[in-house]
Structures are given as structure tokens and as C-alpha cells.
Amino acid sequence: MTPDAPDSRDLLSFLDFHVAAGVDAVLDETPHDRFAESEAPRRAARAEAASLDAPPPRAETETETARGGPPPRQDAPRHQDAPRQEVPRQEAPSTYGRSAAAAPGEAAGDARELAATAASLEELEALLARFESCALRFTAKNLVFADGNPQARVMFVGEAPGADEDRVGKPFMGRSGQLLDRMMAAVGLDRTNAYVGNVVPWRPPGNRNPTPQELATCKPFIERQIALADPDILVCLGGVATQALAGTKDGILKSRGRWFPYRTGRREIRLLATLHPAYLLRQPLQKRLAWRDFRALRAALDEGGA
Ligand code: URA
């Protein structure tokens, strides 16, 4: 008996399952088993090591001995002697390109060198648009660089774009963005007198958290963006931005409301940690804490003559 062919409802729920699990980006026509691929070189190395340990083929030793030559050195490279191992071909990842596979430290080093060369925010955005050492750029639809006024005295920094931001190409466009706009409006701010960016400028697929490696790779760019915008006050929205920029390992419920010194490279400014609007959408009672932080922000701006 042949199993029934799946109907369209089965296929749709199969697709829904994948999207809910975060598999929402198609990179290639055919699936790849990356676990098997990364295991292949190790398997080949083990096979080669095993062949080195094996005694040399008898006939070879006899021939050498008959010629009076020395038997082959056991530690000499034996690539030509060893039976050819059938090594499964490692397919070059076609979509990521060479530099996206760079080792973590190398990618962050590339980023640091490149970011330092940007003399303006426009140049920095253009460099980021060509930067290939962060694989997120290949799954994202758009680079999400900034919104608002780069001349503003206050800059808000979030974590990473979500689906709405990825579609539009600007930070904080979805529900958390609407809440952020309302919070800003409550203290007389909007996107004409505030500048907004993210630590990671590409959407992590399926809205997962950025990995430590992705954060390390993107950090030099947001640091340069802050240095070039040169605000008086930086507001970190949520724990990821706070930990990345304030140099604290504390969770956001501990660090929120605190002012940290932040060195832009030109001067020292003040960094305020507060709760992320996405968290406040899930925990509306905590808005009272964010309200305290935003009032402190307003007071600091007034002190400085905003
Ligand atoms: N969350 C963020 O941290 N940044 C955005 O741009 C949107 C949602």
C-alpha cells in the first residue's frame, strides 16, 4: 500500500512548523547536511593518521632493501604511498562566500580595521553594505543602519532588527518601534531630534538572538557609528546592547537606570541602560521602570541645555 500523498494542508503546516522553528530563509535549492560536511575533513584526517600508523606495504620495503636504500621513514609524509582515501567532497558554501566563513577573531579584526577607515556615517554605511564577514547579511533582506537625526544629542541603540525592520531597512519599525516612539514622545523626543541604531545591523533569521560571534563582529561598526554621530547621551535598549557597549555583564534588570561612562574615541559621554521595548510589550507592568529611566534621560538632556 502506498502512503497517501501529502495534501496542501499538510504541506502548509510543515512550512509553518519550519517558520516557527526559525527556518525562514532559503539559501539554496537543495538541503545541505552541514554537520556531515564539517565532519568530513576530520574523518579524512583520522583515516590518513590510521594509514600512517599501518606498516608500509611489504613489497615496497623489499624493493627499497633490494636497492640498498633505507626503508621509508615512519615519520615522513606518505601521501603518495597511502591508499587514496575517498574523501567526500566538501562543497564550497555557495551563498556565504569566503569571508563569511572567517574564524571569529578574524571577522572581528576585519570589522575593526574596516570600520576605522570610515570618515563619515555615509562611508560607514557603504562599508557595511559591502562587508561580507558576517553571515547574517546573506540571510537578511536589507542592511538596517540607522534612522533619525545623526546630529541629535541622544542616540538610542537596540539589539538587532526584526522582520519589519528588515523589510523597511530602518530600525524600530514594528510594534517595539511604535512603543519606542511613544516613550520618546513622552519626553519630547522623536526621530527628528534623536538618532537610532542597533548593535547588529542585519536581522538574525527567525528573530533568534545574535550569537556572541555575530555581536563581536558587528561591534566595531556600532562603535564607529557612535563615534561619528558623537551624541552627548547614548541610551542602550535592553541587555544585549547594554552588555555590548557598557562593558557590564550584569543583566538588564540590574543595570537599567544606571549611567555608565562611554568613550567614543573623541571624548567621554554618558550611557544610560534601560529596558527594551519588546520586553515591555511582554511585561507591561515594567513600563514604570522604563518611565523612570526616560525621566532621568530628560533631566540629563535639560541639564545639558537641550
Ligand atoms: N528590536 C531591536 O532591538 N531593534 C530593532 O530595530 C527592532 C527591534
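Residues numbered from 1 in each chain as written. Predicted model: local features only at pLDDT ≥ 70, side-chain atom pairs only at ≥ 80, totals over all residues. Heavy atoms only, no water.

1. Focus on the overall build of the protein
At step 1: Within the protein one finds 14 helices and six strands.
At step 2: Here the protein holds 306 residues, and the buried ones make up 38% of them.
At step 3: Within the protein, counting contacts between residues at least 6 apart in sequence, those at least 24 apart form 71% of the total.
At step 4: For the protein, the accessible area works out to roughly 17900 Å², and carbon and sulfur atoms hold 54% of it. (Helix = DSSP H or I, 4+ residues; strand = E, 2+ residues; numbered from the N terminus. Buried < 20%, exposed > 50% of the residue type's maximum accessible area, 1.4 Å probe, protein only. Contact = heavy atoms within 4.5 Å. Areas by Shrake-Rupley, 256 points an atom, 1.4 Å probe, with all protein chains shown as cover.)

2. Examining the sheet that holds strand 2 (residues 154–158)
At step 1: The six strands are arranged 1-3-2-4-6-5 in an open sheet whose pairing can be described as mixed. Two strands close off the open sheet at either side, each with one partner strand: strand 1 (147–148) and strand 5 (259–263).
At step 2: Pairing analysis gives two bridges linking strand 1 to strand 3 (residues 195–198), with the strands arranged antiparallel. When the bridges of strand 3 are listed, aspartate 147 appears paired with valine 196. (Pairing = 2+ DSSP bridges.)

3. Overview of the site of the ligand
At step 1: The local shell around the ligand consists of Gly158, Glu159, Ala160, Pro161, Glu165, Pro171, Phe172, Asn198 and His276.
At step 2: Within the contact set of the ligand, a nitrogen atom lies 3.1 Å away from a backbone nitrogen or oxygen of alanine 160.
At step 3: Histidine 276 places a polar side-chain atom, nitrogen or oxygen, 2.8 Å from an oxygen atom of the ligand.
At step 4: Its free accessible area being 240 Å², the ligand has 93% of it covered by the protein chains.
At step 5: Along the lines of polarity and charge, the residues of the shell around the ligand split into four nonpolar, three polar and two charged. (Near = heavy atom within 4 Å. Polar contact = N/O pair within 3.5 Å; in protein donor to acceptor, adjacent residues only side chain to side chain. Nonpolar A, V, L, I, M, F, W, Y, C, P; charged D, E, K, R; others polar.)

4. Description of the packing of helix 6 (residues 121–130) against helix 10 (residues 212–229)
At step 1: For the pair helix 6 and helix 10, interaxial distance at closest approach is 10 Å and the crossing angle is 165 degrees. With respect to their mutual orientation, helix 6 and helix 10 come out roughly antiparallel. In the crossing of helix 6 with helix 10, the sense of the turn from one axis to the other is left-handed. Between helix 6, through Leu121, Leu124 and Leu128, and helix 10, the contact on the second element is made entirely by Phe221, Arg224, Gln225, Leu228 and Ala229.
At step 2: For the contact of helix 6 with helix 10, the residue count by class is six nonpolar, one polar and one charged. (Axes fitted to C-alpha atoms, helices over the stretch in contact; angles between N-to-C directions. Parallel < 35°, antiparallel > 145°, perpendicular 65-115°, else oblique. Left-handed = near helix turned anticlockwise from the far one by under 90°.)

5. A short note on the pairing of strand 6 (residues 268–274)
At step 1: Summarising burial for strand 6: five of the seven residues are buried, a large majority.
At step 2: Of the strand pairs in this sheet, strand 4 (residues 233–237) and strand 6 are connected by five bridges, and their pairing is parallel. Within strand 6, the position partnered with valine 235 by the bridge is leucine 272.
At step 3: Of the strand pairs in this sheet, strand 5 and strand 6 are connected by five bridges, and their pairing is antiparallel. Residue pairing across strands places phenylalanine 260 opposite leucine 271, the latter belonging to strand 6.
At step 4: Counting the residues in the hairpin turn of strand 5 and strand 6 gives four residues, including glycine 265, whose phi is positive at 105 degrees.

6. Describing the side chain of threonine 264
At step 1: With respect to the helices and strands, threonine 264 occurs in the loop between strand 5 and strand 6.
At step 2: Accessibility expressed as a relative area gives 8% for threonine 264, which makes it buried.
At step 3: A polar contact of 3.0 Å, which involves the side chain of threonine 264, links it to the backbone nitrogen of arginine 266.
At step 4: Each residue touching threonine 264, except ones within four places of it in the same chain, is listed here: Ile226, Ala227, Asp230 and Ile269.

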